[in-house]
Amino acid sequence: QVQVVESGGGLVQAGGSLRLSCAASGSIFSIGDMGWYRQAPGKQRELVARISRSGRTNYADSVKGRFTISRDNNKNTVYLQMDSLKPEDTAVYYCTTSTIDGTSFSRQNYWGQGTQVTVSS
């Protein structure tokens, strides 16, 4: 079994910064892509940023230049540094990992429970 746990959300004023962390643990053979999604009230979940195991990244146009995704493969952890936050960034942020389970050796996407980010104007 694989667990994915996010942390670092909270309330911040517009223009401020937050850093989200997400750690995967349990029976892990290897982790491929890791990513962050977000879902605002009444909206569909959308990709924020994604990073491959080798460090290749891609971002939603709405966060380019403001958010930075990174990872530590030794710690099975992915980070999202969010700067110049805007009220429209308010959402629940979810982490996902493409993981090969160390028991079944099958690949599947695991999701965290989400962490709330609220940006006040």
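Model, not experiment: these values are computed from the prediction.

Trainee: Describe the overall build of the chain, and please don't skip the residues or the numbers.
Mentor: Assigned secondary structure in the chain consists of zero helices and eleven strands. The secondary structure elements of the chain, listed N-terminal to C-terminal, are β-β-β-β-β-β-β-β-β-β-β. For 121 residues, the compact-globule estimate of 2.2 N^0.38 gives 14 Å, and the chain sits close to it at 14 Å. Along the three orthogonal principal directions, the C-alpha set of the chain runs to about 45 × 25 × 20 Å. Burial analysis of the chain (121 residues in total) assigns 40% to the buried set. Partitioning the contacts of the chain with sequence separation of at least 6, the portion at a separation of at least 24 is 56%. Only carbon and sulfur atoms are counted for the fraction: they give 46% of the accessible area of the chain, which is about 6,300 Å².

Trainee: Please provide a residue-by-residue account of unusual backbone geometry, values included.
Mentor: Phi is positive for S84, which is not a glycine, with a value near 50°. Within the element layout of this structure, S84 appears in the loop between strand 8 (77–82) and strand 9 (91–101).

Trainee: Break down the packing of aromatic side chains for me, citing the residues and quoting the values.
Mentor: Within this structure, the stated rule accounts for two aromatic pairs. Consider the rings of F29 and F105, whose centres lie 5.1 Å apart with planes at 70°: the pair is edge-to-face. Placement of the pair is F29 in strand 4 (residues 28–39) and F105 in the loop between strand 9 and strand 10 (107–111), with a sequence separation of 76 residues. You can call F29 exposed: its relative accessible area is 54%. Positioned above the aromatic ring of Y79, the side-chain terminus of R19 is 4.1 Å from the ring centre.

Trainee: Provide a residue-level description of the environment of T96, including the pertinent values.
Mentor: Tracing the backbone shows T96 in strand 9. T96 sits in the buried class, given a relative accessible area of 9%. C-alpha of T96 to C-alpha of V12: the two residues are 84 residues apart in sequence and 24 Å apart in space. When residues no more than four places from it in sequence are discounted, the contact partners of T96 are D33, M34, G35, Y37, N109, Y110 and W111. Reaching out from T96, the side chain makes a polar contact with the backbone oxygen of Y110 at a distance of 3.2 Å.

Trainee: Tell me about the state of the cysteines, and name the residues and values.
Mentor: Tallied over the full model, the rule gives one disulfide. There is a disulfide in this structure between C22 and C95, and the S-S distance comes to 2.0 Å. What sets the handedness of the C22 and C95 disulfide is the S-S torsion sign, and at about -75° it is left-handed. On the criterion of sequence distance, the pair formed by C22 in strand 3 (residues 18–26) and C95 in strand 9 is long-range, its members being 73 residues apart.

Criteria and cut-off values
- Here the residue index of a chain counts from 1 through its sequence in written order.
- Note on the predicted model: pLDDT of at least 70 is required for a residue's local features to be given, and 80 or more for side-chain atom pairs to be given and counted; whole-chain, interface and lining totals, by contrast, use all residues.
- With hydrogens and water set aside, each side-chain value is computed from the structure's full complement of heavy atoms.
- The helix and strand labels rest on DSSP assignments: H or I over at least four residues marks a helix, E over at least two residues marks a strand, and numbering proceeds from the N terminus.
- Atoms counted for the radius of gyration: C-alpha only. Globule rule: 2.2 Å times residue count to the power 0.38.
- Accessible area is worked out with a 1.4 Å probe on protein chains only. A residue is then buried under 20% of its type maximum, exposed over 50%, and partly exposed in between.
- We call two residues in contact when some of their heavy atoms are within 4.5 Å.
- Exposure was quantified through the Shrake-Rupley algorithm and a 1.4 Å probe, taking into account, for residues, occlusion by the shown protein chains and nothing else.
- Whether two aromatic rings pair depends on their centres lying within 6.5 Å, for rings of Phe, Tyr and Trp, where Trp uses its six-membered ring; planes under 30 degrees apart make the pair stacked, over 60 edge-to-face, and the rest tilted.
- Geometrically, a charge over a ring is one whose NZ (Lys) or CZ (Arg) sits within 6 Å of the ring centre while staying within 35 degrees of the ring normal.
- Counted as a polar contact is a pair of N or O atoms within 3.5 Å, where, for protein atoms, one must be capable of donating a hydrogen and the other of accepting one, and residues adjacent in sequence contribute only when both atoms are in side chains.
- Counting rule for disulfides: a pair of cysteine sulfur atoms within 2.5 Å.

Don't take any of this as a statement about function, it's just geometry.
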